[in-house]
Amino acid sequence: MPRLDDERKEMIDLLRERGIIDDRVLTVMMKVERHLFVTQPFFNRAYEDTALPIGKEQTISQPYTVAFMTQELQPRSGMKVLEIGTGSGYQAAVLAELGCRVYTIERHLELLNSARRVFEKLGYRIISRGGDGTVGWTEFAPYDGIIVTAGAPEVPEPLMNQLAEGGRLVIPVGDLTAQRLRIITKVNGGFETKELQGFKFVPLIGKKGWEKK
Ligand code: SAH
């Protein structure tokens, strides 16, 4: 649909203005049709730079947030990436388009199932499971990258343990109202941490996250 293509192009221009500099990330976000990951009433707002409801009190992340986190993950083709919080599946699709081998975990089975339908329709070979992602996914560990798309009270240790040498963990950490993005890199068996700007995520709920209300 040409109108949506134009709107998507405008979204990319806006992301560039807002400071996203990785051309591969911008190219892929021009390609992935975000409107296919949102539900009907929000279809027309898919290319606004805003988070949108996807049901179960969850949201598809803001495009700027997806772009920023993806850029920080430093994705390369063939890299094995674990995502915690599949949600709509949009972030996973962006990573798959970048050539990553994507594993993703979602605690709401209803959301997981609709994301799976979109993956299938678009032909993405993304491996997913339902359940609590705060304990990671040992079966396929270690990962070159781990991306957590919900706000955590602290960094879940299992995720650090499942990082490969040189791997990067991108995770928002803070309280329930605001978080800062942490980038943890495994270097020579140890961990280097940097803390970047603030974001607002839905809570990461689980054994190593927030307690369920
Ligand atoms: N990456 C998603 C963002 C969805 S919002 C997208 O592109 O649309 C974050 C998601 O994390 C929500 O769907 C929420 O249900 C999920 N979540 C929260 N805690 C989780 C946990 N411990 N394990 C797996 N998923 C979790």
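Residues numbered from 1 in each chain as written. Predicted model: local features only at pLDDT ≥ 70, side-chain atom pairs only at ≥ 80, totals over all residues. Heavy atoms only, no water.

Examining unusual backbone geometry
- Backbone torsion omega between Ala141 and Pro142 reads 5°, so that peptide bond is classified as cis.
- Even without glycine at this site, Glu57 takes up a positive phi of about 60°.
- Along the polypeptide, Glu57 turns up in the loop between strand 1 (52-55) and strand 2 (58-60).
- With relative accessibility at 71%, the residue Glu57 sits in the exposed group.
- Within the chain, Asn188 stands out as a residue other than glycine whose phi angle is a positive 50°.
- Mapped onto the elements, Asn188 comes out in the loop between strand 8 (179-187) and strand 9 (190-199).
- Classification of Asn188 by relative accessible area gives exposed; the value is 72%. (Helix = DSSP H or I, 4+ residues; strand = E, 2+ residues; numbered from the N terminus. Buried < 20%, exposed > 50% of the residue type's maximum accessible area, 1.4 Å probe, protein only.)

Brief notes about the sheet that holds strand 7 (residues 163-174)
- Spatial ordering of the open sheet is given by 5-4-3-6-7-8-9, a layout of seven strands whose pairing is mixed. The two strands at the open ends of the sheet, each matched to only one other strand, are strand 5 (127-130) and strand 9. Adjacent strand axes in the sheet meet at a mean angle of 15° when their direction is disregarded.
- Lying on the sheet, helix 3 (residues 63-73) is in contact with strand 3 (80-84), strand 6 (143-148), strand 7, strand 8 and strand 9; it crosses strand 9 at an angle near 160°. (Pairing = 2+ DSSP bridges. Axes fitted to C-alpha atoms, helices over the stretch in contact; angles between N-to-C directions. Contact = heavy atoms within 4.5 Å.)

Some points on the environment of Asn44
- With respect to the secondary-structure elements, Asn44 resides in the loop between helix 2 (23-31) and strand 1.
- Put simply, Asn44 and Phe68 are 24 residues apart on the chain and 23 Å apart in space, counted from C-alpha to C-alpha.
- Discounting residues that sit within four places of it in the chain, Asn44 has contacts with Arg3 and Glu7.

A look at the site of the ligand
- By nearness alone, 27 residues border the ligand, and Glu83, Ser88, Glu106, Gly133 and Ile205 come closest of all.
- Interatomic distance of 2.9 Å between a backbone N/O atom of Gly85 and a nitrogen atom of the ligand.
- Within the contact set of the ligand, a nitrogen atom lies 2.9 Å away from a side-chain nitrogen or oxygen of Asp132.
- Coverage of the ligand by the protein amounts to 99% of the 580 Å² it exposes when considered alone.
- When residues of the shell around the ligand are traced back to their parent elements, those giving at least two are strand 2, strand 3, helix 4 (90-97) and strand 4 (101-106).
- The biggest single contributor to the shell around the ligand is strand 2, with three residues. (Near = heavy atom within 4 Å. Polar contact = N/O pair within 3.5 Å; in protein donor to acceptor, adjacent residues only side chain to side chain. Areas by Shrake-Rupley, 256 points an atom, 1.4 Å probe, with all protein chains shown as cover.)

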